[in-house]
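Structural overview for review
For reference, the chains in residue letters:
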Amino acid sequence: MGVRVDARGACAAPHTPAPATPGADARRTAFAEGLDQLRAAATTEPGRLRIIGALLALLVVAFGAIAAWQMTERTAAADDVLNRSQPLTSDAADIYRSLADANTAAASGYLAGLQEKPAMREGYERDIRTAAAKLVTAAANSEPGSTSAHTIAELSRLLPEYKGLVETARANNRQGYPVGGAYLRAANEMMQQRMLPAAQKLHQTENQRLRDDYADAKSFPWAAAGLGVLALAGLAWAQRRNYRRTNRVLNHGLVTATAAATVVLLWLAVGHTVARAGLNDSYDHGVRSLNVLHEARIASLTARSDENLTLVRRGADTKALTDGKVVDAYEWGYDKEIDELGKALTRAAGLADDTAGKKPVQDANGFMKVWKDRHVLARDDNDSGNYQAARDRVIGAAKEPTSVCFDNVDKALATALTHEQSEFKQAASDGRDSLTGLPTGAAVLAVLGAAGAVLGIGRRLSEYR
């Protein structure tokens, strides 16, 4: 060990540093210091009041923020139901209907041949234009890379191919070439086996999207309601505590906060309940009816197409039944679809909730029965070899053709669809409008309630100064 020498040359004892006190130089965290200050504050009444005021204000603000957030989401979902999901579902159904109707019109025009009326041709062209326009709209509103986007792209690719086959069939038929029937059959197979299933898939996808939006709009805001109850409980406890210590019944600030929180909670519960009732009504008496009516219209279109193709193909296409019996494929298809039409009309009548909705469905049912009776006569003529008489009973040359019955069924269903669409819009609008102003109102009242809580506690603190 070295020896220290002072300035005068004298020896001095060696310097030994003092031992460091453990933890003396360790810096404490802000969190630990905050806890110590909180504990110290909690030992005095002013400190406890400040803590209570801060917690009450935080609780009321959190309640308002969560309420505003959750109700904003539900309002947006309700708006999507009204202005996005359901219109897109209807567009998908219109795409299916337009394609099926175009296929029916193509078969009718082929049967008519040179006697094809301009109105019949224009109906076919109108259906093709409608399908193309609806596909463009659906593509613009679908998410890139989604299942719907792929389905729409497939339909957009197949549509011109289908139209080309129909035009080739029509041109050959007008020149008297039998090969035209083969082209029409190819067009029908493309429509029945590829295009209509794709359109049905698109409709199902959009329907699921609609159901998801309904679920989002109708789900109860449990988080906001729970925080609201907790905030009211905290405010009630604070007022009771204040009463026990001061013997004062009311604290104006805390009463204001309680009133604001109560209004938000009641508004939340009542507004959501009314909105849910409106949305439920729009689904039960709007969406469900629309879906069934679309099914009925598609069944009638398919039945009409099969009726026409029975005469176009003249028994060239057969189907073996489970009992071994072989029947005409298109006659079998007609019987199947006309039964589906009857079942759909029965369900639609049960879902209609007023006279305006029931009457067109009942009219369609009556026209369908007449159609079935007239079809039996046309089938008998065809089975007996009287092809010309059967053709006249189907396409309109006879006195009572099935084409008139089909047109009447389609018009009645269109009337029913228009009515149910109006019912849906009214109920869905009422449901959405019940939430109007709730998110903003919840936020404003929460701020007012928090300010009331702080001012109420501040009034008590002023008594200690």
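Heads up: the structure comes first, above all this text.
Residues numbered from 1 in each chain as written. Predicted model: local features only at pLDDT ≥ 70, side-chain atom pairs only at ≥ 80, totals over all residues. Heavy atoms only, no water.

By the secondary structure assignment, Arg-174 is in helix 4 (residues 147-174). A relative accessible area of 32% means that Arg-174 is categorised as partly exposed. Considered as a pair, Arg-174 and Gln-115 are 59 residues apart in the sequence and their alpha carbons are 9.8 Å apart. Residues in contact with Arg-174, not counting those within four places in the same chain, are Gly-113, Leu-114 and Glu-116. (Helix = DSSP H or I, 4+ residues; strand = E, 2+ residues; numbered from the N terminus. Buried < 20%, exposed > 50% of the residue type's maximum accessible area, 1.4 Å probe, protein only. Contact = heavy atoms within 4.5 Å.)

Glancing now at the packing of aromatic side chains. Applying the stated criterion across every chain yields a total of four aromatic pairs. Taken together, a centroid distance of 6.1 Å and an interplanar angle of 65° make the contact between Tyr-334 and Trp-371 edge-to-face. Note that Tyr-334 is positioned in helix 8 (residues 329-351) and Trp-371 in helix 9 (residues 355-383), a separation of 37 residues in sequence. Seen in terms of ring centroids, Trp-371 and Phe-406 are 5.8 Å apart; in terms of plane orientation they differ by 65°. Their pairing is edge-to-face. Of this pair, Trp-371 sits in helix 9 while Phe-406 sits in helix 11 (residues 402-433), placing them 35 residues apart in sequence. Like Trp-371, the residue Phe-406 is buried in the burial classification. Within the aromatic cluster, the residues linked to one another by ring pairs are Tyr-334, Trp-371 and Phe-406. (Phe/Tyr/Trp six-rings, centres within 6.5 Å; stacked < 30°, edge-to-face > 60°.)

Another aspect to go through is a negative patch on the surface. On the surface, a cluster of negative charge is made up of Asp-281, Asp-284, Asp-353 and Asp-430. By the element assignment, Asp-281 lies in helix 7 (residues 252-313). (Patch = residues over 30% accessible without salt bridge, like charges linked within 9 Å, V, L, I, M, F, W, Y side chains within 5 Å. Areas by Shrake-Rupley, 256 points an atom, 1.4 Å probe, with all protein chains shown as cover. Salt bridge = Lys/Arg side-chain N within 4 Å of Asp/Glu carboxyl O. Lys, Arg positive; Asp, Glu negative; His and termini not counted. Charge placed at Lys NZ, Arg CZ, Asp CG, Glu CD.)

Now for empty space enclosed by the protein. Inspection of every chain in the model, using the stated rule, returns six cavities of 30 Å³ or more. Space inside the largest cavity adds up to approximately 90 Å³. Along its surface, the largest cavity is lined by Ala-105, Ala-106, Gly-109, Tyr-110, Glu-116, Met-120, Arg-121, Tyr-124, Val-166, Ala-169, Arg-170 and Leu-184. When contributions to the lining of the largest cavity are tallied by element, the ones reaching two or more residues are helix 2 (45-112), helix 3 (118-141) and helix 4. Per-element accounting of the lining of the largest cavity gives the leading share, four residues, to helix 2. Each pocket or cavity is described by its volume, and for the second largest cavity that value is around 80 Å³. Lining of the second largest cavity is provided by Glu-45, Leu-49, Ile-52, Ala-238, Arg-241, Asn-242, Arg-245, Leu-254, Ile-457 and Arg-460. Of all the secondary-structure elements, those providing two or more residues to the lining of the second largest cavity are helix 2, helix 6 (222-246) and helix 12 (438-461). (1 Å grid on protein atoms, 1.4 Å probe; cavity = no way out; pocket = protein on both sides within 12 Å on 5 of 7 lines; lining within 4 Å. Points joined across faces, edges and corners; volume = space filled by probe spheres on them.)

Fair warning: the whole summary comes from geometry, so function is off the table for now.
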